[in-house]
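These are the residues of each chain, in order.
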Amino acid sequence: MTALPAIAGGRPQRNRFLHYARHSVDEDDIRNVEKVLRSAWLTTGPELEGFEENLSSFLGSDFVVAMSSGTAALHATMAMLNLNPGDEVLMPAITFVATANCVLYCGATPVFVDVNPDSLLIDMEDVKNKITENTKAVIAMDYAGQPTNYQILQNICCKNNIRFIVDCCHSLGAKYKDKPVGQYADFSIFSFHPAKSIACGEGGAVATNSLEYAEALRMFRNHGIDSDFVTRRKHGVTKYDMTELGYNYRLSEIHSALGNSQLKRLPEFLERRQKIATYYDCLLEKTVGVQVLVCNEDVVHANHLYVIKLDLSLINVSRDEILSALHAEGIGVNVHYAPVYTHSYYKNISLDSECKVTDSVYQQILSLPIYPGMTDADVKDVVAALDKVITYFRR
Ligand SMILES: *Cc1c(COP(=O)(O)O)cnc(C)c1O
């Protein structure tokens, strides 16, 4: 006889709720932010400059332009493409809404591409199917922290004369063919939201190897003005000219300072995430009704998410009922993500969205808690609760 799950009146696995993600801020982080608060610069100063330099050497990309969020970085990237109404940008249907919203900001049309059922990365055959004469770019998304097959996608983009962009918001620290993500695509976009690999509070960045684009991105984040305050002061001028329509997407010194000290800790974060993922792999081998995602060869995974697929042929309830049952156990599982086209806003603008694999795999996915501060005992709790709940709901 197995234990009764909490949702059916049994004792929950945990008393203290385990969240699916959590930032890790230590005393060094706090000291670095405090130093800025006591300084003369609260925005656009040495911490920002340092953060961009440190990121660009970590990623091995020529230029990094930091922004106030990953969404701002996506918007700025789309603005570089000079999109017109009717232009199409391809992306996987399973991604965060911001990947698609940035295309709408620029008046163009997001086109949703099916995902590979084993990795949940963009499906290359469906990319080819969905390219039309209106396609201007593809935004791949490194789901859960696994790099997309950049080589194949780059070839497709090159042959069709379209831009190759990667939403790397999950994959900071991942590698593709021994090199960090962030140096392969025309533009690679990062986020430093607290749930991501490193936290700025809010923050983002675009990595590119083009000096021209880096300069245009810097202008875009500063209202479209052709110089910034610090540069003008250095040269003793006060006059400036706004030559393009831009935004205020600057990252403050306070956020940059946190980003800088977090970036130093990234290797340690990645190592811990990898250990947790390996431990899950090992414990879940024995769990009936659970499949883990496939990791391709020649990549190093950033383990941003740990996603499982439920084998619904063995379970007599839906994924959402399993999710509720796990919450009752004190385990904060989550779903990444509902297909973008299932959101009301996207339904209302009725975009074409034929993605059969996406529709079915979405019913199965569940993200288990993973973050650097998690202990091995926490991992065991998750798997024990999952075992208990699935056993109870076995067909
Ligand atoms: C977090 C995230 C974003 C948006 O980043 P913000 O910094 O929260 O604006 C975009 N795309 C993906 C895949 C993300 O995970």
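Here's what I pulled together on the structure shown here. Each residue is numbered by its place in its chain's sequence as written, counting from 1. Thresholds applied to this predicted model are a pLDDT of at least 70 for local features of residues and 80 or more for the giving and counting of side-chain atom pairs; totals over whole chains, interfaces and linings are not thresholded and use all residues. Hydrogens and water are ignored here; the side-chain numbers use all heavy atoms of the structure.

## A look at the overall build of the protein chain
What counts, and what does not: Starting at the N terminus, helices and strands are each numbered in turn, a helix being any DSSP run of H or I of at least four residues and a strand any DSSP run of E of at least two. Throughout, exposure labels follow a simple rule: accessible area from a 1.4 Å probe, protein chains only, divided by the maximum for the residue type, with under 20% read as buried, over 50% as exposed, and the rest as partly exposed. Note on areas: these come from Shrake-Rupley sampling with a 1.4 Å probe, and a residue is covered only by the protein chains present in the view. Only four residue types enter the charge count, namely Lys and Arg as positive and Asp and Glu as negative; His and the chain termini do not. Charged side chains are reduced to one point each, which is NZ for Lys, CZ for Arg, CG for Asp and CD for Glu.
Each helix and strand counted, the protein chain has 13 helices and 13 strands in total. For the protein chain, the residues scored as buried account for 54% of the 395 residues in total. A total accessible area of about 17800 Å² is found for the protein chain, and carbon and sulfur atoms account for 50% of it. Of the charged side chains in the protein chain, 37 are positive and 47 negative; the average position of the first set lies 5 Å away from that of the second.

## A look at the pairing of strand 1 (residues 63-67)
Rules: A pair of strands is considered paired only if DSSP assigns at least 2 bridges between the two.
With four of its five residues buried, strand 1 lies for the most part within the structure. Direction of pairing for strand 1 relative to strand 9 (residues 204-208): antiparallel, over a ladder of five bridges. Looking at strand 9, one finds that Phe-63 is bridged to Thr-208.

## Observations regarding unusual backbone geometry
Omega for the bond connecting His-336 with Tyr-337 falls within 30 degrees of zero, at -5 degrees, which places this linkage in the cis form. With respect to the element layout, Tyr-337 can be found in the loop between helix 10 (319-328) and helix 11 (344-348). Of note, Leu-120 is a non-glycine position whose phi angle comes to about 65 degrees, a positive value. Its location among the elements puts Leu-120 in the loop between strand 3 (109-113) and helix 5 (124-130). Positioned with a positive phi, Lys-177 is a non-glycine residue whose angle comes to about 45 degrees. For Lys-177, a relative accessible area of 36% puts it in the partly exposed group.

## Here we look at helix 6 (residues 150-160)
Put simply, the test is: Arc definition: it is the arc formed by the directions from the helix axis to the C-beta atoms. We call two residues in contact when some of their heavy atoms are within 4.5 Å.
Listed as buried for helix 6 are Tyr-150, Leu-153, Ile-156 and Cys-157. Down the axis of helix 6, the buried set is contained in an arc of 130 degrees. They therefore lie on one face. What points out from helix 6, more than 90 degrees from its buried face, is the exposed set Cys-158 and Lys-159. Packed against the buried residues of helix 6 are helix 5, strand 4 (135-141), strand 5 (163-167) and strand 6 (175-176). Looking one or two residues past helix 6, Asn-161 carries a phi angle of roughly 55 degrees, positive in sign.

## Considering the nonpolar core
Generally speaking, soluble globular proteins have nonpolar side chains that are buried together. Under the convention used in this document: Buried Ala, Val, Leu, Ile, Met, Phe, Trp, Tyr and Cys residues that are joined via side-chain atoms within 4.5 Å together make up what is termed a nonpolar core.
The biggest cluster of nonpolar side chains holds 46 residues, and the ones touching the most others in it are Tyr-143 and Tyr-280. For this core, the element with the most residues is helix 13 (residues 376-392), which contributes seven residues. Tyr-280 has contacts with Tyr-306, Leu-368, Pro-369, Met-374, Val-379, Val-382 and Val-383, leaving out every residue within four places of it along the chain. In this structure, Val-138, Phe-190, Cys-200 and Phe-269 belong to the second largest nonpolar core, which totals 42 residues.

## Description of the sheet that holds strand 3
We apply this condition: Under this scheme, a helix contributes an axis fitted over its contacting stretch, all axes are lines through C-alpha atoms, and angles between N-to-C directions fall in the 0 to 180 degree range.
Pairing is mixed across the open sheet formed by seven strands, whose spatial order is 1-9-8-5-4-2-3. The open sheet is flanked by strand 1 and strand 3, the only strands paired with a single partner. Strand-to-strand twist in this sheet, taken as the mean axis angle between neighbours without regard to direction, amounts to 20 degrees. This element, helix 2 (residues 46-59), spans strand 1, strand 8 (187-191) and strand 9 of the sheet and lies at about 130 degrees to strand 1. Against the sheet, helix 4 (residues 97-105) engages strand 2 (88-92), strand 3, strand 4 and strand 5, with an angle of about 150 degrees to strand 3.

## Considering the sheet that holds strand 7 (residues 179-180)
Taking strand neighbours across the sheet as the criterion, the three strands line up as 7-6-11 in an open arrangement whose pairing is antiparallel. Strands at the two margins of the open sheet, each flanked by one partner only, are strand 7 and strand 11 (299-300). Pairing of strand 6 with strand 11, which is carried by two bridges, proceeds in the antiparallel orientation. Residue pairing for strand 11: Tyr-176 is matched across the bridge by Val-299.

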